[in-house]
Each structure stands twice: as C-alpha cells, then as structure tokens.
Protein chains: 2
Amino acid sequence: MFTLFTAGDTGDWRITRCEAVRGDGLLAAARLAIATSDLLAPSSHQPPSHQPWQLAGFASNVRYVERAEKIALTRVQAGLGRPEATSAALIPIRKSAAWWDLTQEERRDIFETQSHHIADSMTYLPAIARQLYHARDLGQPFDFLTWFEYAPEHADDFERLVAHLRQTPEWTFVEREVDIRLTRA
Amino acid sequence: MFTLFTAGDTGDWRITRCEAVRGDGLLAAARLAIATSDLLAPSSHQPPSHQPWQLAGFASNVRYVERAEKIALTRVQAGLGRPEATSAALIPIRKSAAWWDLTQEERRDIFETQSHHIADSMTYLPAIARQLYHARDLGQPFDFLTWFEYAPEHADDFERLVAHLRQTPEWTFVEREVDIRLTRA
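Okay, so let's go over this structure. (Residues numbered from 1 in each chain as written. Chains lettered and ligands numbered in written order. Predicted model: local features only at pLDDT ≥ 70, side-chain atom pairs only at ≥ 80, totals over all residues. Heavy atoms only, no water.)

### Let's talk about the relation of the copies chain A and chain B
Here's step 1: Under the fitted operation, chain A is carried onto chain B by 0.0 Å of movement along the axis and a turn of 180 degrees, and the coordinates agree to an RMSD of 0.0 Å. Classification of the inter-copy transformation places it as that of a two-fold axis. Residue A:Leu40, judged by its C-alpha, is the member of chain A lying nearest the rotation axis, at 2.6 Å.
Here's step 2: Most of the interface of chain A is mirrored in chain B: 100% of its interface residues are interface residues there too. (Least-squares fit on C-alpha atoms with pLDDT ≥ 70 in both. Contact = heavy atoms within 4.5 Å.)

### Examining the sheet that holds strand β2 (residues 13-22) of chain A
In sheet architecture, strand pairing relies on hydrogen bonds along the backbone and comes in two forms, parallel and antiparallel.
Residues and elements named next belong to chain A.
Here's step 1: Spatial ordering of the open sheet is given by β4-β1-β3-β2-β8-β5-β7-β6, a layout of 8 strands whose pairing is antiparallel. If you trace the sheet from one side to the other, it starts and ends with β4 (53-57) and β6 (129-134), each paired once. The average undirected angle you get between the axes of adjacent strands in this sheet is 25 degrees.
Here's step 2: Relative to β4, strand β1 (residues 2-8) runs antiparallel, the two sharing 5 bridges. Following the sheet pairing, threonine 3 is matched in β4 by glycine 57.
Here's step 3: The strands touched by helix α5 (residues 155-165) are β5 (87-95), β7 (144-150) and β8 (174-184); relative to β7, the strand with the most contacts, the crossing angle is about 155 degrees. (Pairing = 2+ DSSP bridges. Helix = DSSP H or I, 4+ residues; strand = E, 2+ residues; numbered from the N terminus. Axes fitted to C-alpha atoms, helices over the stretch in contact; angles between N-to-C directions.)

### Side note on the pattern of salt bridges
Residue and element names in this part refer to chain A.
Here's step 1: Going through the model one piece at a time under the given rule, you end up with 26 salt bridges over all chains.
Here's step 2: The closest approach of N and O atoms between glutamate 175 and arginine 94, which form a salt bridge, is 2.9 Å. In this pair, glutamate 175 sits in strand β8 while arginine 94 sits in strand β5, placing the two residues 81 residues apart along the sequence.
Here's step 3: When its relative accessible area of 27% is taken as the criterion, arginine 94 is described as partly exposed. (Salt bridge = Lys/Arg side-chain N within 4 Å of Asp/Glu carboxyl O. Buried < 20%, exposed > 50% of the residue type's maximum accessible area, 1.4 Å probe, protein only.)

### Observations concerning the interface of chain A and chain B
Interfaces are frequently sized by the accessible area removed from exposure as the parts join.
Here's step 1: Counting residues at the interface gives 28 residues for chain A, matched by 28 residues for chain B.
Here's step 2: Summing both sides of the interface, chain A and chain B together bury roughly 2,400 Å²; the carbon and sulfur share of this comes to 48%.
Here's step 3: Sorting the residues of chain A by area buried against chain B places A:Asn61, A:Arg67 and A:Asp137 first, and these three jointly supply 22% of that buried surface.
Here's step 4: Taken together, the links from chain A to chain B amount to 4 salt bridges.
Here's step 5: For B:Glu106, the salt bridge goes to A:Arg67, with nearest N and O atoms at 2.7 Å.
Here's step 6: Joining chain A to chain B, the criterion identifies 16 residue pairs in polar contact (both at pLDDT 80 or more).
Here's step 7: If you list the elements that add at least two residues to the side of chain A that touches chain B, you get α1 (67-76), α2 (97-101) and α3 (104-114) of chain A.
Here's step 8: If you tally residues by element for the side of chain A that touches chain B, the top one is α3(A), at 4 residues.
Here's step 9: Split by residue class, the side of chain A that touches chain B holds 12 nonpolar, 5 polar and 11 charged. (Buried area = accessible area lost by both parts, 1.4 Å probe. Polar contact = N/O pair within 3.5 Å; in protein donor to acceptor, adjacent residues only side chain to side chain. Nonpolar A, V, L, I, M, F, W, Y, C, P; charged D, E, K, R; others polar.)

### Re the pairing of β8(A)
All names here are of chain A.
Here's step 1: Of all 11 residues making up β8, 8 are buried, and the element is well covered by its neighbours.
Here's step 2: Where β2 lies against β8, 8 bridges are found, and the strand directions are antiparallel. Residue pairing across strands places arginine 17 opposite arginine 181, the latter belonging to β8.
Here's step 3: The pairing of β5 with β8 spans 7 bridges and is classified as antiparallel. What sits directly across from leucine 90, in β8, is isoleucine 180.

### A look at the side chain of B:Thr3
Here's step 1: With respect to the helices and strands, the residue B:Thr3 is situated in strand β1 (residues 2-8).
Here's step 2: Once you skip the residues sitting within four places of it in the chain, B:Thr3 turns out to touch B:Ile34, B:Ala35, B:Thr36, B:Leu55, B:Ala56, B:Gly57 and B:Tyr133.

### Focus on unusual backbone geometry
Here's step 1: Omega for the bond connecting A:Leu125 with A:Pro126 falls within 30 degrees of zero, at 0 degrees, which places this linkage in the cis form.
Here's step 2: The topology assignment puts A:Pro126 in the loop between α4 (117-122) and β6.
Here's step 3: The phi torsion at B:His116 lies on the positive side, around 55 degrees, for a residue other than glycine.
Here's step 4: In this structure B:His116 comes out as partly exposed when scored by relative accessible area, which is 37%.

### A few points about the sheet that holds strand β5 (residues 87-95) of chain B
Residue and element names in this part refer to chain B.
Here's step 1: With respect to topology, 8 strands assemble into an open sheet ordered β4-β1-β3-β2-β8-β5-β7-β6, the strand pairing being antiparallel. Whereas interior strands pair on both sides, the edge strands pair on one side only; in this sheet they are β4 (53-57) and β6 (129-134). This sheet shows a mean twist of 25 degrees between the axes of neighbouring strands, independent of strand direction.
Here's step 2: In this sheet, strand β7 (residues 144-150) lies alongside β5 in antiparallel orientation, the contact comprising 7 bridges. Within the sheet, the bridge partner assigned to alanine 88 lies in β7 and is glutamate 149.

Here it is in structure tokens:
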C-alpha cells in the first residue's frame, strides 16, 4: 500500500507555504491531495503536466524504536484525522550517502543516543500527530516523507519541534529538505 | 530500482525444482527471467496469464548487520554473476505478524544473538553468493526474496546452510517459504 501526495489544483489540503530548507525546493501549488494505491504507477515518477509534483511512500515497521519506547509511544500518540487537527505539515527529506553507509547500531546511536529524536519528539505528543512514509526504496527523490497534523493552537509547539530537530547531530546528514505547510480546505 | 523475478517459458535460468517448504507453493514453470525496473507496474501484481508468477523486491540498506560484521562481510563475500556459479536458488519467505510486531532490538536478538544468522552464514562465503530483496513494503505475497548463486561443487554446502537456517529460532517466525532451484540455461 503506497501513499501518494499529489500537488495541484485539487485536494483536501490547501498549501499555505512551500519552502526549501536545504537543497532544491518543490514547485508551488494550491492544493495537496492524499491518496493510497496498491500500485506504483508511472504517474508517481512522471506526473501529468498539470501536476507540479507527486511524491510516493509507504508506512512500514518501526526501524529504531525499542520496546520501552514503543509502549510509551503507543500509550500517548494520537492518530491522524482528528477533527481539531486542521493544520498540517509535509516534510520530505533526503539523507546523505554517508548516512546510508552507516550500520543499524551506528544510525540508532546518532538518531537517539546523540539526537534524542524519539524522546524529545515524545514531549510533543499527543498534540502533534505524525506518520512516517519511506520513499528511498521506491527510487523517489526523497528518503522520507513525514506528515504532521495538529490543531492551530499547537502551531508554536510544532515550530519548536522542527527547529529543535534541525539542530541535532542527525540533521547534519540531511542534504535535502522541503517544508510544506497546509490547512484543511 | 525494483528487481522482478518472472517465471514462464523464457529467461536465463532453468527451474529444476519448486517446492513448498511451509504454506502455499508457487506454480511450476520452465524458466525464470530476472529483470530490473524503475516502476512497479500492474503486471507485477497481476501477471499475464502465460506467466505462472512474478515476484518483485528491492535491495536496500542493511538492517541488522553491525559495523564489525559489515567489514567482515565486505572482505569475504563474492558478487553475483561469477561464471562458475551456474547453480542458483530463489527462496521467498514470509514472516508472521508476531515477527513484525517486534522492535528492532528484539528482532536483532532473535536474528543474530539466538540464531547466528550472519555469523553462521559467513562460514559459507565466498562459495555461496547471495542478494536479499525486500518485498513486504511493496504489498507482495512474500516479505523477502533471497537469491543465491554457487558453483555445482558447493551444492552440498548450500544444502547444509538452508537446513541449518530452518532449524534456528528465527525460522519459527516463517509462515510461508518456497524453495526454487535453478541452473543457468
């Protein structure tokens, strides 16, 4: 099951900002449509000319979370689609070849022991709901697409979360990042 | 980049055996064709009627190997395509939901600490070359497709390797396995 994010003139989310944080950005568009598909069709690589871009990814099993963290996350996190969560962000990132040359325990060390990615993000739950989609193995231009949803009253919390993550040792491996903000249409 | 394994009447590998080890098997066929594709087209899910089956997967970054193991593997392992490696095996497996509910450190514990998957397999290198393809995230009927290549004189070694792996604690999580043997046509 793939999740397709299609920018264009239609879709349930209005794009309010689309900024390149590092590396190349993405073309501006009015709306974002989110759909799921069992097939990865050519359109996900070569979108029709009326679509500025389309990104595909898949949700998967956890790669870094350990048992105690999984229990804590399951207890506290919220799902997508809460009526009050009318603000959203889509943050596609690509990490460097150096990151992908690391082994599992080296990546976990940078991700959590040095950067506290799980522990620090957890302090923003359940206000900020998020879903990670993997894209690198699909030959996509990004490695990960992370989708966040929150109520407008938590917008400042979300800014603190992303600003914090961008200052971690993990983020020195990010070579492309785009920050797309949205509101439910 | 996806790798497609297509059973049918054409292909560089002659299928000599196709046995269900656990769960449902796969239809018999004369040949296996191996190709790569940037797209996952509908045919990989619904093969044309003249093709008994088609399986797709992707090579990816290592998930369990640690640094010392990676160094040792890189030093000793052989690549695919050696002229003398005219025997091959394709072993698709699917693991249970219980496996996928485990966290990373729990899977590593079963995979290596209890089952010695890396350490024991390494004793068969470089005679047995292999490549792992991930399939679960593509919605395929199997989680992993492993391709092995070896010279006919190492056939007994290969039998010992697969017999050994099937007796490990890791294998108690395997709920479907097919064992396909081939020779270069």
